[in-house]
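# Architecture and fold: a report
The residues making up each chain are set out below.
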Amino acid sequence: MKFHWFLPTSGDGRGITGGGHGLRRAHGRSPATAFRPPTIDYLAQVARAAEQVGFEAVLTPTGTYCEDAWLVTAALTQVTTRLKFLVAFRPGVLSPTLAAQMAATYQRISGGRLLLNVVTGGEAAEQRRFGDHLGKDERYARTAEFLSIVRGAWDGPFDFTGAYYDVEGATVAERPDPVPELYFGGSSAAAGPVAARHVDVYLTWGEPPSQVAAKLDWMRELAAAEGRTLRFGIRLHVITRDTSKEAWSEAGRLLDQISPEDIASARAVLARSESVGQQRMLALHEGFQGSRDGNLNGGRNGSGVRDLEIHPGLWAGVGLVRGGAGTALVGSHAEVADLVEEYASLGVEEFVLSGYPHLEEAFWFGEGVLPELRRRGLLGAGDPVRLSA
């Protein structure tokens, strides 16, 4: 198994609301949810923490409300030594030959530490900001052509004529070494064939294991029809502590910061999403209204933190006000490791994780769960955790 962390390039804090994929509040923040701007110094702290505790890579998002993934991560290669960078980018906003060139350059200057997360885009309004007016299915068809050209250019010269691109002699100065692995997620009928034909790792958001199993079976069949096999990864948040009580108390603290008005506002925005994956995330907490009553035991009254536990240890509270990945692994280090094992038994090999705040939560997982997985023989011995003074 491989474990990756998340780089909060739209800012960080002690609450779910406030930046990035989260609902943006108009009137400041309390000290408990104090916002941390995405300065290069702070992002370097997160990256070094992830490297120090043993994460393989950090996922860097793409979109209007975050810093550019290519520029930020290129800078961070200079303050890290081993960590890889899973750079998210949208095929529709740059030339495929240019993307191939950027990736090849990145591999040379970083010593081979680039991974690529291909984001076709599920929000029409976001796409239009970048001048992209194609429909959703057309965007996936364009992504397929884009990836054909990128791979072709790495081995170029490469000619291609399609519905969206027409290139002659696409190539790069030097083939990237290693060739960056391609990560990709999508739950729609248009997305599956693109992944089956072109990518290395198929990513899913953290649905309950039964739903993840069905999705992975779907992708295995599509890949087999192409004569290929895929690796599988999952995108989750995590709240892990020394005891289960402490972890669920932290989940309750996050929930207590969210009002019914926050939930209603976020749901109104997210309900308009074209993303099938986003609609599946919304369905996981349908009917929950939110509360500030601090009821950590729940009772199916729509008020307690445990009401959002949709599978043992899997909490849907993050998705109340955050787009994209909306579930978290919650529990003691051993309990979180149990759920990691359950997903691994389905064929999930890579885990892309995050937490609030990202700096502190990287240490909770890296010092709590990773050693537990090593004790169980599920991870190699790796380098010991070395804490700075």
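Residues numbered from 1 in each chain as written. Predicted model: local features only at pLDDT ≥ 70, side-chain atom pairs only at ≥ 80, totals over all residues. Heavy atoms only, no water.

### Some thoughts on the overall build of the chain
Quick reminder of the rule: Note on conventions: DSSP H or I runs of at least 4 residues are helices, E runs of at least 2 residues are strands, and numbering of each starts at the N terminus. Any residue under 20% of the maximum accessible area for its type is buried, any over 50% is exposed, and the rest in between are partly exposed; the area is computed with a 1.4 Å probe on protein chains only. Here a residue-residue contact requires only that any non-hydrogen atoms of the pair lie within 4.5 Å. Where accessible areas are quoted, they stem from the Shrake-Rupley method and a 1.4 Å probe; at the residue level, only the protein chains shown are allowed to cover.
Counting its regular elements, the chain contains twelve helices and 15 strands. Looking at the chain residue by residue over its 389 residues, the buried ones come to 54%. Counting only contacts in the chain whose residues sit at least 6 apart along the sequence, the fraction spanning at least 24 positions is 73%. Carbon together with sulfur atoms contributes 51% to the accessible area of the chain, which is approximately 15700 Å² in total.

### Side note on the side chain of Ser110
Quick note on the threshold: Under the rule applied, a polar contact is a pair of N or O atoms within 3.5 Å (in protein, one hydrogen donor and one hydrogen acceptor; residues adjacent in sequence only if both atoms are side-chain atoms).
Along the chain, the position of Ser110 falls in helix 3 (residues 96-110). Accessibility expressed as a relative area gives 8% for Ser110, which makes it buried. Here the side chain of Ser110 touches Tyr106 through a polar contact of 2.8 Å, landing on its backbone oxygen.

### Observations concerning the pattern of salt bridges
Two side chains bearing opposite charge may form a pair once their charged atoms approach each other closely. Test applied: A side-chain nitrogen of Lys or Arg and a carboxyl oxygen of Asp or Glu constitute a salt bridge if their distance falls within 4 Å.
The full count for this structure, using the stated rule, is 19 salt bridges. As a salt-bridge pair, Glu56 and Lys84 come within 3.2 Å of each other at their nearest N and O atoms. Separated by 28 residues along the polypeptide, Glu56 in the loop between helix 1 (40-53) and strand 4 (57-60) and Lys84 in strand 5 (residues 84-89) bring together distant segments of the chain. Glu181 is the partner of Arg231 in a salt bridge, and the nearest nitrogen-oxygen pair spans 2.9 Å. Highlighted residues: Arg231 in strand 11 (residues 231-241) and Glu181 in the loop between strand 8 (166-170) and strand 9 (182-185), separated in sequence by 50 residues. Assessed through its relative accessible area of 21%, Arg231 is described here as partly exposed. Residues joined in a network through salt bridges with shared partners are Asp338, Glu341, Glu372, Arg375 and Arg376.

### Some words on the environment of Thr81
Topologically, Thr81 is positioned in the loop between helix 2 (69-76) and strand 5. Taking the C-alpha atoms as reference points, Thr81 and Glu51, separated by 30 residues in sequence, lie 8.2 Å from one another. Discounting chain neighbours no more than four positions away, the residues touching Thr81 are Glu51 and Arg113.

### Details of the packing of helix 11 (residues 333-346) against helix 12 (residues 358-375)
Let me state the cut-off plainly: Lines fitted to C-alpha atoms define the axes, with helix axes restricted to the stretch in contact, and inter-axis angles between N-to-C directions lie between 0 and 180 degrees. For any helix crossing, the convention is left-handed if the near helix is rotated counterclockwise from the far helix by under a right angle, and right-handed if that rotation is clockwise. Each residue receives one of three labels: charged for Asp, Glu, Lys and Arg, nonpolar for Ala, Val, Leu, Ile, Met, Phe, Trp, Tyr, Cys and Pro, and polar for the others, Gly being one of them.
Direction vectors running N to C along helix 11 and helix 12 enclose 65°, while the axes themselves pass 9 Å from each other. Of the two elements, helix 11 crosses helix 12, and the hand of that crossing is right-handed. Facing helix 11, whose interface residues are His333, Ala334, Val336, Ala337 and Val340, helix 12 presents Trp364, Phe365, Gly368, Val369, Glu372 and Leu373. In the contact of helix 11 with helix 12, the residues fall into eight nonpolar, two polar and one charged.

### Brief notes about the packing of aromatic side chains
Our working definition: Here is the rule: rings of Phe, Tyr and Trp (six-membered ring for Trp) pair when centre to centre is within 6.5 Å. Planes less than 30 degrees apart are stacked, more than 60 are edge-to-face, and the remainder are tilted. Working rule: Lys NZ or Arg CZ, within 6 Å of ring centre, within 35 degrees of ring normal, means a charge sits over the ring.
On inspection of all chains with the given rule, the structure shows eleven aromatic pairs. A network of ring pairs unites the aromatic residues Phe3, Trp5, Phe55, Phe351 and Phe365 as a single cluster. Here the basic side chain of Arg306 rests over the ring of Trp248, its NZ or CZ set 4.1 Å away from the ring centre.

### Details of the pairing of strand 8
Keep this limit in mind: Any two strands are treated as partners once DSSP identifies two or more bridges connecting them.
The sheet contact formed by strand 7 (residues 158-161) and strand 8 spans three bridges and is antiparallel. Counterpart to Phe158 in the pairing with strand 8 is Ala170. Two successive antiparallel strands, strand 7 and strand 8, enclose a turn made up of four residues.

### Digging into the packing of helix 1 against helix 2
Worth spelling out the cut-off: Geometric relationships in this document are graded by angle, where less than 35 degrees denotes roughly parallel, more than 145 denotes roughly antiparallel, 65 to 115 denotes roughly perpendicular, and other angles denote oblique.
Contact geometry for helix 1 and helix 2: axes closest at 10 Å, N-to-C directions at 65°. The angle between the axes of helix 1 and helix 2 places the two elements in the roughly perpendicular class. Of the two elements, helix 1 crosses helix 2, and the hand of that crossing is right-handed. Of the residues in helix 2, those in contact with Ile40, Leu43, Ala44 and Ala47 of helix 1 are Val72, Ala75 and Leu76.

### Here we look at the nonpolar core
How we decide: Here the nonpolar core consists of buried residues drawn from Ala, Val, Leu, Ile, Met, Phe, Trp, Tyr and Cys, with membership extended through side-chain atoms lying within 4.5 Å.
Ranked by internal contacts, the top residues of the largest apolar core, which has 77 residues, are Phe3, Trp5, Phe55, Leu329, Tyr343, Leu353 and Phe365. Counting 20 residues, the second-largest nonpolar core is a separate cluster that includes Ala251, Leu255, Phe288 and Ala328.

### A word on the environment of Glu360
Tracing the sequence through the fold places Glu360 in helix 12. According to the relative accessible area criterion, Glu360 is partly exposed, its value standing at 25%. Separated by 346 residues in sequence, Glu360 and Arg14 place their C-alpha atoms 9.8 Å apart. In this structure, Glu360 is in contact with Arg14 and Arg36, ignoring residues within four places of it in sequence. Within the local environment of Glu360, its side chain forms a polar contact with the side chain of Arg36, the two groups lying 2.8 Å apart.

### Topic: the pairing of strand 6 (residues 114-118)
Where a strand is regular, its side chains alternate between the two sheet faces. Going by this rule: Orient the strands so they point away from the viewer, and a crossover whose first-strand-to-second-strand path over the helix runs clockwise is right-handed.
Counting buried positions over the five residues of strand 6 gives five, a clear majority of the element. Neither face of strand 6 is left uncovered, since the one carrying Leu114, Leu116 and Val118 and the one carrying Leu115 and Asn117 both have all their residues buried. Taken together, the five bridges between strand 5 and strand 6 define a ladder with parallel strand orientation. Opposite Val87, over in strand 6, you have Leu116 as the bridge partner. Following the chain from strand 5 across helix 3 to the adjacent parallel strand 6, one finds a crossover that is right-handed.

### A few points about the confidence of the model for the chain
In plain terms, the rule: A score between 0 and 100, pLDDT records how confident the predictor is in each residue.
Taken as a whole, the chain shows an average pLDDT of 90; of its residues, 89% reach a score of 70 or greater. Note that pLDDT drops below 50 for residues 25-32; the model gives that stretch eleven contacts with residues more than four away or on any other chain. Long-range and interchain partners of residues 383-389, a stretch whose pLDDT sits below 50, account for nine contacts in this model, where long-range means more than four residues apart.

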